[in-house]
Amino acid sequence: MQPKLTPEEIQLLRQLNERDRQALGGMPRPPAADGLQALGYVVVHSPNSEDLLFSITAAGRAALATIDAGP
């Protein structure tokens, strides 16, 4: 059974699914990223001391497909 995601987490998954990756050039980390990272739905990389790079995983794409398919 898939965990219930917040609207913010679903929105972030959709954004990452469209672009595959999202870089935050000095912007704060979105709160939704923590829960998604803990679930293995996103991976966070830090290419340098100022930036964060978010990538959606195969598990994240599968969860999003389940959400979009509906009940």
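My aim in this report is to walk through the structure given alongside it, one point at a time. (Residues numbered from 1 in each chain as written. Predicted model: local features only at pLDDT ≥ 70, side-chain atom pairs only at ≥ 80, totals over all residues. Heavy atoms only, no water.)

This part covers the nonpolar core. Leu5, Leu12, Leu13, Leu16, Leu36, Tyr41 and Phe54 are the most contacted members of the largest nonpolar core, which totals 17 residues. Looking at this core, the elements with two or more residues in it are helix H1 (7-19), helix H2 (32-39), strand E2 (42-45), strand E3 (51-56) and helix H3 (58-69). Beyond its immediate chain neighbours, meaning those up to four positions away, Leu36 contacts Leu5, Glu9, Leu12, Leu13, Tyr41 and Val42. (Core = buried A, V, L, I, M, F, W, Y, C linked by side-chain atoms within 4.5 Å. Buried < 20%, exposed > 50% of the residue type's maximum accessible area, 1.4 Å probe, protein only. Helix = DSSP H or I, 4+ residues; strand = E, 2+ residues; numbered from the N terminus. Contact = heavy atoms within 4.5 Å.)

Now for the side chain of Thr57. With respect to the secondary-structure elements, Thr57 resides in the loop between E3 and H3. Residue class for Thr57 comes out buried when judged on its relative accessible area of 17%. Contacts of Thr57, omitting those with residues within four sequence positions, involve Gly40, Tyr41, Val42 and Val43.

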